[in-house]
Amino acid sequence: MKKSENTKEYILEKIRPVFNKNGYSGTSLSAITEATGLTKGAIYGNFKNKEELALASFNYNVNFILQKIKTIMVNIKSPLVRLYALTNFYREYYLQNINFGGCPILNVGVDANHTNPKLFKRVKTVYTELIKGITKIITDGQEYDEIKKNINAKIYSARIVSQIEGAVFTSTMLKDDTYLIDMMNHLDKMIKTELQK
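So, here is what we can say about the structure in this document. These figures come from a predicted structure and were not determined experimentally.

1. Considerations on the nonpolar core
Soluble globular proteins: nonpolar side chains tend toward being buried together.
Here is step 1 of the chain: The biggest cluster of nonpolar side chains holds 55 residues, and the ones touching the most others in it are L53, Y90 and I138.
Here is step 2 of the chain: In terms of residue count, the dominant contributor to this core is helix α4 (residues 50–73) (nine residues).
Here is step 3 of the chain: Residues within four places of Y90 in sequence aside, it is in contact with I69, I164, V168, L180 and M184.

2. Some details on the packing of α4 against helix α5 (residues 79–91)
Here is step 1 of the chain: Contact pair α4 / α5: the axes reach a minimum separation of 10 Å and the direction vectors enclose 135 degrees. Relative to α5, α4 is oriented oblique. Viewed along their axes, α4 and α5 form a crossing whose handedness is right-handed. Counted together, I65, K68, I69, I72 and M73 of α4 and R82, A85, L86, F89 and Y90 of α5 form the full contact between these two elements.
Here is step 2 of the chain: The residue inventory of the contact of α4 with α5, partitioned by class, reads eight nonpolar, no polar and two charged.

3. Considering the environment of K136
Here is step 1 of the chain: Within the element layout of this structure, K136 appears in helix α8 (residues 117–143).
Here is step 2 of the chain: Put simply, K136 and E194 are 58 residues apart on the chain and 17 Å apart in space, counted from C-alpha to C-alpha.

4. Notes on the pattern of salt bridges
Here is step 1 of the chain: One pass over the structure, following the stated rule, counts five salt bridges.
Here is step 2 of the chain: R16 is the partner of E13 in a salt bridge, and the nearest nitrogen-oxygen pair spans 3.8 Å. Separated by three residues within a single helix, E13 and R16 lie in helix α1 (residues 3–26), roughly one turn from each other.
Here is step 3 of the chain: On the accessibility criterion, R16 (3% relative accessible area) is buried.
Here is step 4 of the chain: A salt bridge links D188 to R91, with the nearest nitrogen and oxygen atoms 2.6 Å apart. In this pair, D188 is assigned in helix α10 (residues 178–195) and R91 in helix α5, connecting sequence segments 97 residues apart.
Here is step 5 of the chain: Residue R91 is classed as buried on the basis of its relative accessible area, which comes to 17%.

5. A short note on the side chain of N46
Here is step 1 of the chain: With respect to the element layout, N46 can be found in helix α3 (residues 40–46).
Here is step 2 of the chain: Since its relative accessible area comes to 15%, N46 is described here as buried.
Here is step 3 of the chain: Looking at N46, its side chain comes within polar contact range of the main-chain oxygen of A42, at 2.8 Å.

6. With respect to the side chain of Q142
Here is step 1 of the chain: If you trace the backbone, Q142 turns up in helix α8.
Here is step 2 of the chain: Discounting residues that sit within four places of it in the chain, Q142 has contacts with I147, K148, K149, I151 and A153.

Rules and cut-offs
Residues numbered from 1 in each chain as written. Predicted model: local features only at pLDDT ≥ 70, side-chain atom pairs only at ≥ 80, totals over all residues. Heavy atoms only, no water. Core = buried A, V, L, I, M, F, W, Y, C linked by side-chain atoms within 4.5 Å. Buried < 20%, exposed > 50% of the residue type's maximum accessible area, 1.4 Å probe, protein only. Helix = DSSP H or I, 4+ residues; strand = E, 2+ residues; numbered from the N terminus. Contact = heavy atoms within 4.5 Å. Axes fitted to C-alpha atoms, helices over the stretch in contact; angles between N-to-C directions. Parallel < 35°, antiparallel > 145°, perpendicular 65-115°, else oblique. Left-handed = near helix turned anticlockwise from the far one by under 90°. Nonpolar A, V, L, I, M, F, W, Y, C, P; charged D, E, K, R; others polar. Salt bridge = Lys/Arg side-chain N within 4 Å of Asp/Glu carboxyl O. Polar contact = N/O pair within 3.5 Å; in protein donor to acceptor, adjacent residues only side chain to side chain.

Spelled out as structure tokens, the structure:
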């Protein structure tokens, strides 16, 4: 890694919980310099402006979570088992992310909706990609004869993502992971009774 890449990585690692907790508008330059221990010049020598830093921070947070999911999924061949692995991951999601301010997709999506079109567009893209990813798992399951053929994969994947994000919101808002755990139990039941062959 070049020195500039090392510095960018350092900045993103330090600033990611700040942007995730405070949002784009709520994150001041002083909060950025305080979190990183760097000067304004050092920050903007690596990022063009605050918007670029916020976007990079969001991408960093999302990739951090997606990498954890990929690590779990990489050795699982069965699409059906992959769905159950996903709900198992989200059972512990609250405790894993509470110190970083919760789910970046949810936080940034709400925060940027009316204030930062570029950032909001990126959140929508990530959300859409999540739905596509689960759609692929379900269609693979249909091909492997693990999931019912008459199931609409896109509808069910959208339901799964929507219910996960809703439960993440409730658990974060009420500071209680039981809502998320209960929803994952509900999704497991849905997978078993409605999807599984």
